[in-house]
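Residue-level structure breakdown
So you can see what is in the structure, the chains are spelled out below.
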2 protein chains.
Amino acid sequence: MKTLKVGMLGCGNVGTQIARLLLANKADLASRSGAQLELVKVAVKDLKIKRDGVSNALLTDDAASIVNDPEIDLIIEVIGGISPAKELILTSFKNGKSVVTANKALLAQEGAALYQAASEANVDLYYEAAVAGAIPILRPLRESLVGDHVKRIMGIVNGTTNYILTKMDESGTAFEDALKQAQLLGFAEANPTADVEGIDASDKAAILASLAFHSRVTSKDVYREGITKITATDVKVAKAMDLVIKLLAITELTNSGEISVRVHPALISRTHPLASVRESYNAVFVEAESAGQMMFYGKGAGGEPTASAVLGDLVAIARHKVVGGIGPKESDYASLKIAPIGETKTRYLIRLNVADKPGVLESVAHVFATHSVSIQTVRQTGAGDRAELIIMTHTSNESALSATVKELGNLPVVTDVASVLRVEGAI
Amino acid sequence: MKTLKVGMLGCGNVGTQIARLLLANKADLASRSGAQLELVKVAVKDLKIKRDGVSNALLTDDAASIVNDPEIDLIIEVIGGISPAKELILTSFKNGKSVVTANKALLAQEGAALYQAASEANVDLYYEAAVAGAIPILRPLRESLVGDHVKRIMGIVNGTTNYILTKMDESGTAFEDALKQAQLLGFAEANPTADVEGIDASDKAAILASLAFHSRVTSKDVYREGITKITATDVKVAKAMDLVIKLLAITELTNSGEISVRVHPALISRTHPLASVRESYNAVFVEAESAGQMMFYGKGAGGEPTASAVLGDLVAIARHKVVGGIGPKESDYASLKIAPIGETKTRYLIRLNVADKPGVLESVAHVFATHSVSIQTVRQTGAGDRAELIIMTHTSNESALSATVKELGNLPVVTDVASVLRVEGAI
C-alpha cells in the first residue's frame, strides 16, 4: 500500500485532534483511502508549547518548508485567518499538493483566488470543516444536490450566539448576562465581537451562498446584523407569540433571480425544525426545488468535531491521489448578482410604544398604508396613558419597511419604536 | 463537451420525474458533471401507458437491449424488487456501465454481489435514493464521516409509519383509523404490510448498518417489529410521560463489538431531535466518536425528492467518466458479527394490569430482581379492585427482559401485560 505524507499548518485545538486521530484511526483511514496517511511535519508559531500527542520531532516553525517539501503529498491548513494561510495554500497548489482547510474567513474573502489556483494546478481544495464544523453540509451541497436547484438556505451556523439566545429564551436572561455565562463556560471568547456581531456567520453565509447558487459570493456581499440589540423583552414577546429568536444566515434567490444573502436575528415559529436547535448546536435548513425541505444538524465547532470533518476531506483527497479523479472545482457558472438588502422581502414584527388615546392606531396604520406595507395582525396592550402596539406585517420590501419605521418614529403619538425584527419561515 | 448516454430501467413515479428533470436541468447538469447527459432509452413493462414528458420514441419493453447497448454509458435502475433488477444491473456492470439505483430491497439482500461485480468491472454503484429519499445520508456516511467512527444510528426511515404515528400522537387516533386516513391521503398503500410491519425500514437499516460499521449486513440480519400492536393507550401513556412513539431503525455497536441492528417502535423523549420529525418526513440521527451527534432531516419518499437524489448520483458517476476516479467500493473490512436480539441492551416501559391489593408491587418487583432487571420508576394508578403499574427499567438485556415479562404474565396478581415498549436515546 502506498504511503501519502501529510503536512499540517497550525496545531491548536483542531490541529492537535487531527494529529491524534490520524494516529488513533491509522488502519481505518488506510482502508478507506487506499493509502497509509502519515503526518510527517507540523508548522507551529511557538516550538516551546507542549502539544498533547504530537511528537516534538514533527514540529517546525518554518511553515514554508512544509509546503515546499517535495516529499509531502497533502496539506492540512488549520492556522486560520488570511495571511500567511493564503500564501501557504497558494504555494501548496503551485507545488501540486491538494489542500484541506477549515478556514472560513479565507474562503469567504479569497475563495475565487484559491479555487483558480487549485484548478490551474489540477489539485483539490476541500473545506467541509469551514461551515458548521462536523456537520456534512458542503459535500451535500457540492455533490448530493447538484441535480437539484437550491432555492433557500437558513442556517444556525454560530454556536456562541445560539447558546446566548437559547439562555435568553429558556431563562429570560438579558443579553449581557447570557454572554457572561457563555464566556464563563467557554462557549464565547473574551472578545466576542466576531460571534455576537455576526461576522463569523457572514463568512459561512458567503460560502453557503456560493455553493447553493453557483456564483461568487464573498463576505463583503453579506448584509449583517448581530444580536447585541436583542432584549429580554424581545424574547418574551416572541415567546408569547410561539416564536423564537435565532441568529440566521440566510441566502435565497429573489424573484428577479438575484442572490439575497444576509445574517441577522430573526423570529421563527417554534414548530420550525430550526427552533429546536439548542445551545451551541448548529443546523442548516435547505429548501430545494425537487428535494424539498432538508435539515442538517450537529456540532458546529470544537476540536474533535472539526477534526472529524477535516479527516473526511483528507480521505477524499488521498483517494484521488490513489485512484485518480478530482473533487468539484468552483461552480460559478450562474454568475448571479447580489440583491441589495433593500430588495429583501420578508415579514416583520414591530413593537411601538405609543400614547394611549383614540386615533393612534389609525395614524399608525396610515403610515403603513402610505408605504404599501400590509399589516397582518396588531395587538394593543394598554397601561395607564401609554400603550404598546405589536404589529406583524405581511411579506414586505425591506426598503419600504425601513421608510415606514422611520416615519413611525417621527409620529407625535409614537413614543419610540422599541424593536423591529424580521420574521422568517412559515408561521 | 462530451455527451454521455443514459439508459433508464423502469419509468414509474420516480422514473418520470428523473426523465423530466434530465431535460429541465440539462444545462445545469452539464456544467456540474462536465458532460451532456442525454436520456436515450427507457425500459418499461407496458409500452401503451402514457408517461408525462417522456417521449414514446425512448421507450422499449426490452430492458436487456439497454444494458447491452454499447452506445449507452450510464444506467439508472428504478424498477425496484430483486428480479430482473439484479440481473440487469449485473449485466450493466459486466458491460462496463456504472449504475445508479434506488433499489433498497436489492441492496439490502444482494449488496455484496452487486458491489463485487461493480468492483470487478471497475465501475460505480451509487444508491443515495435507497435510504431516506432526498436526504443526503449515504454520501455523508460513505465519504464525509470516513475519518470518524460511527457509534450508533437511529433513523425514522419510513414515511408511512411516521405519518400514522404522528396522527395517533396528535389526535389520539387508533392505529386502524390512522392507517385508513393515511391510505386515503396516499401516504399508505392499499396493502400496507411492507411499511407497517417494518420490512421497508429493515432494508434501510441493513444498508445504514453496512455503511456505518464497514461490515456486510443484510435485511435478514435485522430484528424487526412493526407498529400494528401500538394502541391509542400506549400513545396516551407515552404522552403523559413526555415521550413519543416512533418506528426506529437502529444500529449500534454492542460492548462486545458486534453490530446490533433492529427495527421496532420505541419511546423517545419529546426533546430528542427525532421527536419533532412529523408526518411523512424522515430523519437519520447519527452519533459518531469525534463528530458527536448529527441529524439529517427531509423528505423520505416521493417521485421528485427521490429523483433529486438519483440525479446527484448520476452527476457523480458522469464526473468519473469525464475526469477519472471512482466512487467508494464496498467497505466491509471490519467484518463485524451481528449480535442476537437477546443481547440488545436498552430500557423498557412495561404496563401491567394488576389486582389492587397489598403486596402486588412486592411480587412484581421480585420478578424483576430475579432476572437482574433494575427498575428506574414505578407509577401505580388504582381504579376499583384493579390497578395499572407503569414500570420504566434501567438499561437491561433483552433476553433478561423477555424472561421477566414471561414470568410476570404468569403471576396470579397480574391480569395481563398490556404492553412492553423499548425506550431509546437519553431521557
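See above for the structure.
Keep in mind it's a predicted model, so treat the numbers as computed, not measured. (Residues numbered from 1 in each chain as written. Chains lettered and ligands numbered in written order. Predicted model: local features only at pLDDT ≥ 70, side-chain atom pairs only at ≥ 80, totals over all residues.)

**Quick word on the relation of the copies chain A and chain B**
The line we're drawing: Least squares is used to superpose the copies, and the fit set is the C-alpha atoms of residues whose pLDDT is at least 70 in both copies. By definition, residue pairs are in contact when their C-beta atoms, positioned from the backbone, come within 7 Å.
Aligned on chain B, chain A shows an RMSD of 0.0 Å; the corresponding rotation is 180 degrees and the shift along the axis is 0.0 Å. Taken together, these values place the two copies in the relation of a two-fold axis. In terms of C-alpha distance to the rotation axis, chain A has Gly325 of chain A as its closest residue, with the C-alpha 1.9 Å off the axis. Both copies share a contact surface, since 100% of the interface residues of chain A are interface residues in chain B too.

**Considering the sheet that holds strand S5 (residues 98–101) of chain A**
Residue and element names in this part refer to chain A. Quick note on the threshold: By the convention used here, strands pair only if DSSP detects at least 2 bridges between them. Think of it this way: any DSSP run of H or I at least four residues long counts as a helix, any run of E at least two long counts as a strand, and we number them from the N terminus.
One open sheet holds the 6 strands; their spatial order is S3-S2-S1-S4-S5-S6, and the pairing between them is parallel. This sheet does not close on itself; its edge strands, each paired only once, are strand S3 (59–60) and strand S6 (125–126). Note that S5 and S6 share 2 bridges and pair parallel. Within the sheet, the bridge partner assigned to Val99 lies in S6 and is Leu125.

**Remarks on the pairing of strand S1 (residues 2–9) of chain A**
All names here are of chain A. Of the pairings in the sheet, the one linking S1 to strand S2 (residues 35–43) comprises 8 bridges and is parallel in character. Of the residues in S2, the one forming a bridge with Val6 is Leu39. With 4 bridges joining them, S1 and strand S4 (residues 74–77) adopt parallel strand pairing. Its bridge partner being in S4, Met8 is matched across the sheet by Ile76.

**Here's the deal with the environment of Leu314 of chain A**
Residue and element names in this part refer to chain A. The following threshold applies: Comment: burial labels come from other C-beta atoms within 10 Å of the residue's own C-beta, placed from the backbone, where a count of 20 or more is buried, 12 or fewer is exposed, and between is partly exposed.
On the secondary structure map, Leu314 appears in helix H12 (residues 303–323). Looking at Leu314, the number of C-beta atoms within 10 Å reads 27, which means it is buried. When the C-alpha atoms of Leu314 and Val123 are compared, they prove to be 13 Å apart, with 191 residues separating the residues in sequence.

**Focus: the interface of chain A and chain B**
With 46 residues of chain A at the contact, the number on the chain B side is 46 residues. Secondary-structure elements contributing two or more residues to the side of chain A that touches chain B are helix H2 (26–33), helix H6 (138–144), strand S12 (292–299) and H12 of chain A. Element by element, the count of residues in the side of chain A that touches chain B is highest for H12 of chain A, at 11 residues. Across 3 bridges, S12 of chain A lies against strand S12 (residues 292–299) of chain B in antiparallel orientation. Bridge pairing links Tyr297 of chain A to Met295 of chain B in S12 of chain B.

**So, the packing of helix H1 (residues 13–24) of chain B against helix H12 (residues 303–323) of chain B**
Residues and elements named next belong to chain B. Under the convention used in this document: Between N-to-C directions, angles cover 0 to 180 degrees, with each direction set by a line fitted to C-alpha atoms, over the stretch in contact for helices. Convention used here: angles under 35 degrees read as roughly parallel, angles over 145 as roughly antiparallel, angles from 65 to 115 as roughly perpendicular, and any remaining angle as oblique. Two helices that cross are described as forming a left-handed crossing if the nearer one is turned anticlockwise from the farther one by less than a right angle, and a right-handed crossing if clockwise. Three classes are used: nonpolar for Ala, Val, Leu, Ile, Met, Phe, Trp, Tyr, Cys and Pro, charged for Asp, Glu, Lys and Arg, and polar for all others, with Gly counted as polar.
Put simply, H1 and H12 touch, their axes get as near as 8 Å, and they point 60 degrees apart. Here H1 lies oblique to H12, going by the angle between them. Handedness of the H1/H12 crossing: right-handed. Residues Asn13, Val14, Thr16, Gln17, Ile18 and Leu21 of H1 touch H12, and the partners they reach there are Gly303, Glu304, Thr306, Ala307, Val310 and Leu311. Here the contact of H1 with H12 is built from residues that sort into 6 nonpolar, 5 polar and 1 charged.

**Section: the sheet that holds strand S2 (residues 35–43) of chain B**
Residue and element names in this part refer to chain B. The sheet built from 6 strands is open, its strands ordered S3-S2-S1-S4-S5-S6 with parallel pairing. Looking along the sheet, the strands with just one partner apiece sit at the ends: strand S3 (59–60) and strand S6 (125–126). Strand direction decides the pairing type here: strand S4 (residues 74–77) and strand S5 (residues 98–101), joined by 4 bridges, are parallel. The residue bridging Ile75 from the neighbouring strand is Val99, located in S5. Lying on the sheet, H1 is in contact with strand S1 (2–9), S2 and S4; it crosses S2 at an angle near 145 degrees.

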